[in-house]
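Okay, here's what each chain looks like letter by letter:
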Amino acid sequence: MDLRIFTEPQQGASYDTLLTVAKATEELGFDAFFRSDHYLRMGNVDGLPGPTDAWITLAGLARETRRIRLGTLMTAGTFRLPGVLAIQVAQVDQMSGGRVELGLGAGWFEEEHKAYGIPFPAERMARLEEQLAIVTGLWATEAGSTFDYRGTYYQVEDSPALPKPAQAKVPVLVGGHGARRTPRLAARYADEFNMPFASVEDSRRQFARVRKAAAETGRKGDEIVYSNALVVCVGKDDAEVARRAAAIGREVDELKANGLAGSPAEVVEKLGTYAAIGCSRVYLQVLDLDDLDHLELIAGQVMSQLG
C-alpha cells in the first residue's frame with residue numbers, strides 16, 4: 001500500500017512550511033506530497049498567514065524535490081478555466097520532470113468563493129464533466145493537430161493543445177461520495193478514484209459502483225487505482241496520541257472511529273481493513289504541519305510494516 005502525505009494549507013501554512021513538509025515526505029520515503037485547493041480556512045482556526053495557491057505551491061515544490069509525486073486533492077473546477085488549468089498542470093509537470101497528478105473536483109465550499117469573488121454556479125458537476133473532457137482532450141491531442149470542443153459551458157476552437165506535459169499521460173484523480181454521476185465520471189476519465197474521509201463499508205460500496213460503471217464503459221475495473229483519504233494521528237503511546245489529537249482540536253475516540261489513530265500497530269491493522277476492500281493507496285491527512293516527528297514515526301513504524 002502506498003502512503004501519501006496530504007496537507008490542508010488553508011488552515012494555516014506558509015510556502016516555507018509546505019516546503020519543509022514536502023522535503024521530509026521525500027526523505028522519509030513516502031510516495032507523494034499532495035495538498036488541498038482552498039482559499040479560506042475552515043473551523044476554529046485563524047488560517048494565518050493566509051492561503052497559498054495550490055498550483056503555484058506545486059510549481060515551487062517541483063523544483064525543490066526530486067522523487068515524490070505531487071498533486072491536488074482536489075483542484076476546484078470553479079477556480080480555473082479548463083484550458084488554463086491544462087496549461088498550468090502541463091507546465092508544472094515539465095518543471096517536475098513528470099511527477100504531477102491532477103485531482104479535479106467540482107468545488108463545494110461556497111464561503112471561499114464569496115470571500116474572494118469567485119463565481120459559484122449551480123451546475124458544477126455538469127461543468128466538471130466538460131472540464132475533464134477538455135483537459136484530457138488537450139493533453140491527448142497529437143502535436144501538430146488541433147483540439148475543438150463545443151459544450152454547454154465551455155467551447156474550445158482550433159486550439160494547438162500546447163504545452164504538453166512531460167508524462168505521456170498525467171494521472172487524473174476523480175473522487176467523492178456521489179452514487180451516480182461521480183462513478184460515471186471516474187469510469188470515463190479517472191486513472192484513480194479517491195474516497196475521502198469514509199468508512200470501510202462506505203468505501204467498499206463506492207468502489208463497487210466505480211467498478212460497475214467502468215465495466216459499462218468497456219474498461220476493466222482494475223485499470224483504476226482505488227484510494228482513500230483519512231486523517232492521521234499516531235503516537236508511540238496513549239499520551240502521545242492524546243497530545244497530537246489535542247494539537248489539532250480533535251478527540252481521540254472520534255479520530256479512531258473516523259480516521260487512522262492510535263498506536264502504530266492499531267493504524268497498521270486499520271489500514272489492512274481498507275486494503276481488504278481493494279484500497280491500494282492512502283492519503284494521510286496531516287493537520288499539524290510543524291510536527292515532523294509525527295511523519296518520522298509513521299514512516300518508521302507504520303509504512304515500514306506495509307511492504
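It should be emphasised that the depicted structure is a prediction, and the values quoted were computed from it without experimental measurement. (Residues numbered from 1 in each chain as written. Predicted model: local features only at pLDDT ≥ 70, side-chain atom pairs only at ≥ 80, totals over all residues. Heavy atoms only, no water.)

(A) How the structure looks around the packing of aromatic side chains. Under the criterion given, the structure shown has six aromatic pairs. Consider the rings of phenylalanine 207 and tyrosine 226, whose centres lie 5.2 Å apart with planes at 55°: the pair is tilted. Pair noted here: phenylalanine 207 is in helix 7 (residues 200–216) and tyrosine 226 is in strand 10 (residues 225–234), with a separation of 19 residues, a long-range link. Here the aromatic cluster, defined as three or more aromatic residues joined through ring pairs, consists of Tyr39, Phe79 and Tyr116. (Phe/Tyr/Trp six-rings, centres within 6.5 Å; stacked < 30°, edge-to-face > 60°. Helix = DSSP H or I, 4+ residues; strand = E, 2+ residues; numbered from the N terminus.)

(B) How the structure looks around the side chain of glutamate 26. Secondary-structure assignment places glutamate 26 in helix 1 (residues 15–27). In this structure the side chain of glutamate 26 is engaged in a polar contact, spanning 3.0 Å, whose partner is the backbone nitrogen of arginine 66. Filtering out sequence-adjacent residues up to four positions away, glutamate 26 remains in contact with Thr65, Arg66, Arg67 and Ile68. (Polar contact = N/O pair within 3.5 Å; in protein donor to acceptor, adjacent residues only side chain to side chain. Contact = heavy atoms within 4.5 Å.)

(C) Expanded view of the pattern of salt bridges. Taken as a whole and assessed by the stated rule, the structure comprises 25 salt bridges. Glutamate 123 serves as the salt-bridge partner of arginine 127, at 2.8 Å between the closest nitrogen and oxygen. Notably, a salt bridge pairs arginine 188 with glutamate 129, separated by 3.9 Å at the nearest N-O pair. Here the residue arginine 188 occupies a position in helix 6 (residues 181–189), and glutamate 129 occupies one in helix 5 (residues 124–140), the gap between them amounting to 59 residues. When its relative accessible area of 56% is taken as the criterion, arginine 188 is described as exposed. Put simply, Lys236, Glu240, Arg243, Arg244 and Asp291 are held in one network by salt bridges that share partners. (Salt bridge = Lys/Arg side-chain N within 4 Å of Asp/Glu carboxyl O. Buried < 20%, exposed > 50% of the residue type's maximum accessible area, 1.4 Å probe, protein only.)

(D) Up close: unusual backbone geometry. The residue after leucine 48, namely proline 49, is reached through a cis peptide bond having omega 10°. Examined against the element boundaries, proline 49 turns out to sit in the loop between strand 2 (32–35) and helix 2 (54–64). Positive phi, close to 55°, is recorded for aspartate 158, a residue that is not glycine. Within the fold, aspartate 158 resides in strand 7 (residues 155–159).

(E) Summary view of helix 2. What helix 2 keeps buried is the set Ala54, Trp55, Thr57, Leu58, Ala59, Leu61 and Ala62. Backbone nitrogen of tryptophan 55 and a side-chain oxygen of the N-cap are separated by 3.1 Å at the start of helix 2; the cap is aspartate 53.

(F) Spatial organisation of the nonpolar core. Leu3, Phe30, Trp55, Leu102, Trp139 and Leu284 are the most contacted members of the largest nonpolar core, which has 76 residues in total. Among the elements that make up this core, the one with the highest residue count is helix 5 (seven residues). Non-local contacts of leucine 284, meaning those with residues more than four positions away in its chain, are made with Leu3, Arg4, Ile5, Phe6, Phe30, Leu230, Val232, Leu260 and Ile298. Phe6, Phe34, Leu73 and Leu173 belong to the second largest nonpolar core, which has eight residues in total. (Core = buried A, V, L, I, M, F, W, Y, C linked by side-chain atoms within 4.5 Å.)

(G) The pairing of strand 12 (residues 281–286), seen in detail. The buried count for strand 12 comes to six of six residues, which makes it a mostly enclosed element. Residues Arg281, Tyr283 and Gln285 point to one face of strand 12 and Val282, Leu284 and Val286 to the other, with burial holding for every one of them. For strand 1 (residues 2–7) and strand 12, the ladder comprises six bridges, and the chain directions are parallel. Each bridged residue has a counterpart across the sheet, and for aspartate 2 the counterpart in strand 12 is arginine 281. Judged from the five bridges that link them, strand 10 and strand 12 form a sheet pairing that is parallel. Within strand 12, the residue paired with asparagine 228 across the bridge is valine 282. (Pairing = 2+ DSSP bridges.)

(H) The side chain of threonine 57, seen in detail. Looking at the secondary structure, you find threonine 57 in helix 2. Residue class for threonine 57 comes out buried when judged on its relative accessible area of 3%.

(I) Quick peek at the layout of surface pockets. In this structure, the second largest pocket encloses a volume near 180 Å³. What lines the second largest pocket is a set of 14 residues, and nearest its centre among them are Thr136, Trp139, Ala140, Lys169 and Val170. Mapped onto the lining of the second largest pocket, the elements with two or more residues apiece are helix 5 and helix 6. Counting residues per element, the lining of the second largest pocket draws most heavily on helix 5, which supplies three residues. Looking at the lining of the second largest pocket residue by residue, the class counts come to eight nonpolar, two polar and four charged. (1 Å grid on protein atoms, 1.4 Å probe; cavity = no way out; pocket = protein on both sides within 12 Å on 5 of 7 lines; lining within 4 Å. Points joined across faces, edges and corners; volume = space filled by probe spheres on them. Nonpolar A, V, L, I, M, F, W, Y, C, P; charged D, E, K, R; others polar.)

(J) Focus on the environment of glutamate 26. We classify glutamate 26 as buried; its relative accessible area is 18%. For the pair formed by glutamate 26 and arginine 67, sequence separation is 41 residues and the distance between their alpha carbons is 6.7 Å. One polar contact links the side chain of glutamate 26 to the main-chain amide nitrogen of isoleucine 68, over a distance of 3.0 Å.

(K) Here's a closer look at the packing of helix 5 against helix 6. Contact geometry for helix 5 and helix 6: axes closest at 11 Å, N-to-C directions at 5°. With respect to helix 6, the element helix 5 is oriented roughly parallel. Contact residues: Met125, Ala126, Leu128, Glu129, Leu132, Ala133 and Thr136 in helix 5; Arg181, Thr182, Arg184, Leu185, Arg188 and Tyr189 in helix 6. Here the residues of the contact of helix 5 with helix 6 sort into seven nonpolar, two polar and four charged. (Axes fitted to C-alpha atoms, helices over the stretch in contact; angles between N-to-C directions. Parallel < 35°, antiparallel > 145°, perpendicular 65-115°, else oblique.)

No statement about biological role is implied by the geometric values presented.
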